[in-house]
Structure formats: structure tokens, C-alpha cells
Amino acid sequence: MLNVAIGCDHAAFECKAALADFVKELGYSVIDFGCNTTEPCDYPDFAAAVARAVSAGRCGYGILLCGTGIGMSIAANKVSGVRAAVCWSEDTARLSREHNDANVLCLPARYSTVEDMKRWIKSWFATPFSGKERHLRRIEKIHSLEKTCCKGEK
Ligand code: RB5
């Protein structure tokens, strides 16, 4: 069974369990990287844990939840091999898989309902990467940027 890493900050803690259960219902096994309370915390810590699990291959995909989804995506995209996408509709979720081969889905818990996010998660997991030459070429350019600009640990 494919592992999915999930993480959040305090702004999204209250919806994490319901979304993790939903991902399990879709047939995945879920590894929860926190946070575990509504106490204010720093989203990069949880973005790093989830992104590293995906980068290392321990998890095939990741889901990161914060107030806007933005901070999580900025942080996760610093980790090599991670393509984190903030999505806010079924279409953006689908396109982030089809065109960008996103492997981490970032969601805006303060600007959506749990039911919205469930629909977007469903659409995200249901969509394969298109594999089209132009999309592969663009992703390859992102990888080149990563190799050229990012130094240090994986
Ligand atoms: C926390 O207040 C908030 O900044 C965080 O959840 C997120 O939206 C950051 O991008």
C-alpha cells in the first residue's frame, strides 16, 4: 500500500484527522508528521518532515495543511525532488498532477471547508501525470534549476 505523508500547522490541526481518514478511505496508508495541537507552531518544521519523507521515497505523496497552503508550499519546495502545489479547486488539483506531476498537495485550511478539501484531494489522487513531452521538458527544467541553485543536503 502506498504511504502518504500528512502534516499541518496549528491553523489546520482541526481538519487533519478527518482528511487523514479520508485519504485512508481512498486506499492509502497515512503517516502523520504532526503537528498535534492547536498551539501555535512553525509550519516549516512540518513541511520539512513531510517533504523529506517524500524526497527519500518513504512516502509516495505528501499532503500539507496550513492557513493558506502558501507557507507549506514555499518550505516544501526547498527539498530536492519535491513538487509542492497549493490547490484551491478540483481543477487546480487535477492540473497540478496532470501538468506538474505534483507530489505534495498543499491546502488552505482557513479558506476552505473539510468537504472542499476532500473533493480536491480526491481529484488530486485520481489524476495521473500526463507524461506529455512538453510537461516532462518543463519539469526537467525545474530539476535542472534545483541542481544548479540548491546546494547542501538532500
Ligand atoms: C499561521 O498563522 C499562518 O501563517 C500559516 O498557517 C500559513 O498560512 C502560512 O503560510
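Scroll up to find the structure this text is about.
What comes next is a walk through the structure. (Residues numbered from 1 in each chain as written. Predicted model: local features only at pLDDT ≥ 70, side-chain atom pairs only at ≥ 80, totals over all residues. Heavy atoms only, no water.)

## Observations concerning helix H4 (residues 90-98)
Of all the residues in H4, the buried ones are Thr92, Ala93, Ser96 and Arg97. The buried residues of H4 occupy an angular sector of 135 degrees when the element is viewed end-on, so they sit on one face. The elements touched by buried residues of H4 are strand S3 (61-66), strand S4 (84-86) and helix H5 (114-126). (Buried < 20%, exposed > 50% of the residue type's maximum accessible area, 1.4 Å probe, protein only. Helix = DSSP H or I, 4+ residues; strand = E, 2+ residues; numbered from the N terminus. Arc of directions from axis to C-beta. Contact = heavy atoms within 4.5 Å.)

## Some details on the pattern of salt bridges
Evaluated as defined, the whole model comprises 10 salt bridges. As a salt-bridge pair, arginine 94 and aspartate 91 come within 3.3 Å of each other at their nearest N and O atoms. Of this pair, arginine 94 and aspartate 91 both sit in helix H4, three residues apart, roughly one helical turn. Looking at arginine 94, the relative accessible area reads 29%, which means it is partly exposed. A salt bridge links arginine 97 to aspartate 101, with the shortest nitrogen-to-oxygen separation between them at 2.9 Å. Of the residues examined, arginine 97 reaches a relative accessible area of 5% and is grouped as buried. Beyond isolated ion pairs, a larger network of salt bridges with shared partners links Arg83, Arg97 and Asp101. (Salt bridge = Lys/Arg side-chain N within 4 Å of Asp/Glu carboxyl O.)

## What about the site of the ligand?
The immediate surroundings of the ligand are formed by Asp9, His10, Ala11, Tyr43, Cys66, Gly67, Thr68, Gly71 and Arg110. In the model, an oxygen atom of the ligand is placed 2.8 Å from a nitrogen or oxygen of the glycine 71 main chain. Arginine 110 places a side-chain nitrogen or oxygen 3.2 Å from an oxygen atom of the ligand. Against a free-state accessible area of 290 Å², the protein chains account for coverage of 72% of the ligand. (Near = heavy atom within 4 Å. Polar contact = N/O pair within 3.5 Å; in protein donor to acceptor, adjacent residues only side chain to side chain. Areas by Shrake-Rupley, 256 points an atom, 1.4 Å probe, with all protein chains shown as cover.)

## Considering the packing of aromatic side chains
Counting across every chain of the model gives four aromatic pairs. Aromatic pair tyrosine 61 and tryptophan 124: ring centres 5.4 Å apart, planes at 75 degrees, arrangement edge-to-face. With tyrosine 61 in strand S3 and tryptophan 124 in helix H5, the pair connects residues that are 63 residues apart, well separated along the chain. No difference in accessibility class separates tyrosine 61 from tryptophan 124, as the two residues are buried. On the numbers, 5.6 Å between centres and 90 degrees between planes, the contact of tyrosine 61 with phenylalanine 125 is edge-to-face. You can see tyrosine 61 sitting in strand S3 and its partner phenylalanine 125 sitting in helix H5, a full 64 residues away along the chain. Side by side, tyrosine 61 and phenylalanine 125 carry an identical accessibility label, which is buried. Linked through ring pairs, Tyr28, Tyr61, Trp124 and Phe125 together constitute an aromatic cluster. A cation sits over an aromatic face here: arginine 97 above tryptophan 124, 5.8 Å from the ring centre. (Phe/Tyr/Trp six-rings, centres within 6.5 Å; stacked < 30°, edge-to-face > 60°. Lys NZ or Arg CZ within 6 Å of the ring centre and 35° of its normal.)

## Comments concerning the pairing of S3
In terms of burial, S3 is largely enclosed, as six of its six residues are buried. Side chains Tyr61, Ile63 and Leu65 of S3 all project onto a buried face; the interleaved residues Gly62, Leu64 and Cys66 project onto the opposite face, where all are buried too. Here five bridges tie strand S1 (residues 3-8) to S3, and the two strands are oriented parallel to one another. Across the sheet, the residue bridging to alanine 5 is glycine 62, located in S3. Pairing between S3 and strand S5 (residues 104-108): five bridges, direction parallel. Its bridge partner being in S5, leucine 65 is matched across the sheet by leucine 107. (Pairing = 2+ DSSP bridges.)

Nothing here speaks to function; it is all geometry.
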